[in-house]
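Observations on the model geometry
Here are the chains, one letter per residue:
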Amino acid sequence: YSELIRQENKRMNEQVENVLRLAMLDRKELEMNFTPFDLHELLSGVVERFRLKSDSRNAEIALDLAASRSFVKADHAHLESVIQNLLDNALKYSDGEPKILIQTANLKDELLVKVSDQGLGMNAETVRHVFDRFYRAPTGNVHNIKGHGLGLAYVREVLSMHGAEIKVQSSLGKGSTFYFNLFVHHEES
């Protein structure tokens, strides 16, 4: 019982944080601290910290960090939350033992980031609304998926503040891929 209470308390705290972040975004009070860092290191760190949660579901999280230029100038903490939200959703909306893949690639002066799963997927109507606040994807007979429809709205807003747009490709029963581009940061010599 204590473990269940701890997990529910953590989940509620995450939701409160999302509400507060969105309120700050609305009031233009959310501050960004743009610094250069290696996005590959951030991705590896998030995956490592996420393992405790993913191991409980026997999830497989693979990293395919193919980008040769992976330095970005971004807000480390908020970008970490973006990746955490995408991993949370991939885990939540997958049956059985989830398989999640995080990929990077360079496209000209941009760094492409993809988070893919082989989960439940979404229909076209859900894809149109998935980044709307408080929108929850209908899950049919699946009633144990918790959340308030705030995570992806936060993701969209934070990426917008980075000059990026998040997109999704999805098919029912085949999973979803969320992806966005960030400008590569060129260190001055």
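Structure: see above.
Below is a summary of the structure that appears in this document. Here the structure is a predicted model, which means the values were calculated and not measured. (Residues numbered from 1 in each chain as written. Predicted model: local features only at pLDDT ≥ 70, side-chain atom pairs only at ≥ 80, totals over all residues. Heavy atoms only, no water.)

1. Quick word on the overall build of the protein chain
Definition in use: Under the DSSP-based scheme used, a helix requires at least four consecutive residues in state H or I and a strand at least two consecutive residues in state E, with every element numbered from the N terminus. Between buried and exposed lies partly exposed: a residue is buried under 20% and exposed over 50% of the maximum accessible area for its type, with that area taken using a 1.4 Å probe on protein chains only. Residue contacts are defined here by distance: any two heavy atoms, one from each residue, within 4.5 Å place the two residues in contact. Residue-level accessible areas treat just the shown protein chains as cover; the underlying method is Shrake-Rupley with a 1.4 Å probe.
Helix and strand counts for the protein chain come out as 5 helices and 7 strands. Starting at the N terminus, the α and β elements of the protein chain follow one another as α-β-α-β-β-α-β-β-α-α-β-β. Out of the 189 residues in the protein chain, the part that is buried amounts to 42%. Summarising the internal contacts of the protein chain: among those between residues at least 6 apart in sequence, 74% fall at separations of at least 24. Accessible surface computed for the protein chain: about 10,800 Å², of which carbon and sulfur atoms make up 50%.

2. What to know about the packing of helix α2 (residues 39-55) against helix α3 (residues 76-92)
Definition in use: Lines fitted to C-alpha atoms define the axes, with helix axes restricted to the stretch in contact, and inter-axis angles between N-to-C directions lie between 0 and 180 degrees. Any angle from 65 to 115 degrees is called roughly perpendicular, while one under 35 is roughly parallel, one over 145 is roughly antiparallel, and all others are oblique. Should the near helix be turned counterclockwise from the far one by less than a right angle, the crossing is left-handed, whereas a clockwise turn marks it as right-handed. Residue polarity is assigned by list, with Asp, Glu, Lys and Arg as charged and Ala, Val, Leu, Ile, Met, Phe, Trp, Tyr, Cys and Pro as nonpolar; anything else, Gly included, falls into the polar class.
Between α2 and α3, whose axes approach to 10 Å, the crossing angle comes to 45°. Judged on the interaxial angle alone, α3 and α2 are oblique. Considering the relative orientation of α2 and α3, their crossing is right-handed. Contacts from Leu39, Leu42, Leu43, Val46, Val47, Arg49, Phe50, Lys53 and Ser54 of α2 reach α3 at His76, Leu79, Glu80, Ile83, Gln84, Leu87, Asp88 and Leu91. The residue makeup of the contact of α2 with α3, split by class, is 10 nonpolar, 3 polar and 4 charged.

3. Thoughts on the environment of Val155
Checked against the element boundaries, Val155 lands in helix α5 (residues 151-161). C-alpha separation for the pair Val155 and Ile166, spaced 11 residues apart in sequence, amounts to 8.0 Å. Ignoring sequence-local partners within four residues, the contact set of Val155 consists of Val82, Asn85, Leu86 and Ile166.

4. A closer look at the pattern of salt bridges
In plain terms, the rule: Take a side-chain nitrogen of Lys or Arg and a carboxyl oxygen of Asp or Glu: if they are within 4 Å of each other, that pair is a salt bridge.
According to the stated counting rule, one finds 5 salt bridges in the structure shown. Of the charged contacts, one joins Arg69 and Asp109 as a salt bridge, the two residues approaching to 3.6 Å between their closest N and O atoms. Taken together, the residues span a long stretch of sequence, with Arg69 in the loop between β2 (60-65) and β3 (71-75) and Asp109 in the loop between β4 (99-107) and β5 (110-117) at a distance of 40 residues. Judged by relative accessible area, Arg69 falls into the partly exposed class, the value being 30%. The partly exposed category is assigned to Asp109, whose relative accessible area is 44%. With a shortest N-O distance of 3.5 Å, Arg156 and Glu157 are connected by a salt bridge. Classification of Arg156 as partly exposed rests on a relative accessible area of 31%. Judged by its relative accessible area of 25%, Glu157 falls in the partly exposed class.

5. A closer look at the packing of aromatic side chains
The criterion, for reference: Note on ring pairs: Phe, Tyr and Trp rings are taken, using the six-membered ring of Trp, and paired if centres are within 6.5 Å. Classes follow the plane angle, with under 30 degrees stacked, over 60 edge-to-face and the rest tilted.
Using the criterion set out here, one finds 1 aromatic pair in the structure. When the ring of Phe131 is compared with that of Phe178, the centres are 6.0 Å apart and the planes differ by 90°; the resulting orientation is edge-to-face. With Phe131 in the loop between α4 (124-129) and α5 and Phe178 in strand β7 (residues 175-183), the pair connects residues that are 47 residues apart, well separated along the chain. Comparing Phe131 with Phe178 shows no difference in burial state: the two are buried.

6. As for the pairing of β7
Stated precisely, the cut-off is as follows: By this definition, two strands are paired if DSSP reports at least two bridges between them.
Looking at chain direction, β5 and β7 are connected through 7 bridges and run antiparallel. Directly across from Glu110, in β7, lies its bridge partner Phe183. The pairing of strand β6 (residues 167-171) with β7 spans 5 bridges and is classified as antiparallel. Directly across from Ser170, in β7, lies its bridge partner Ser176.

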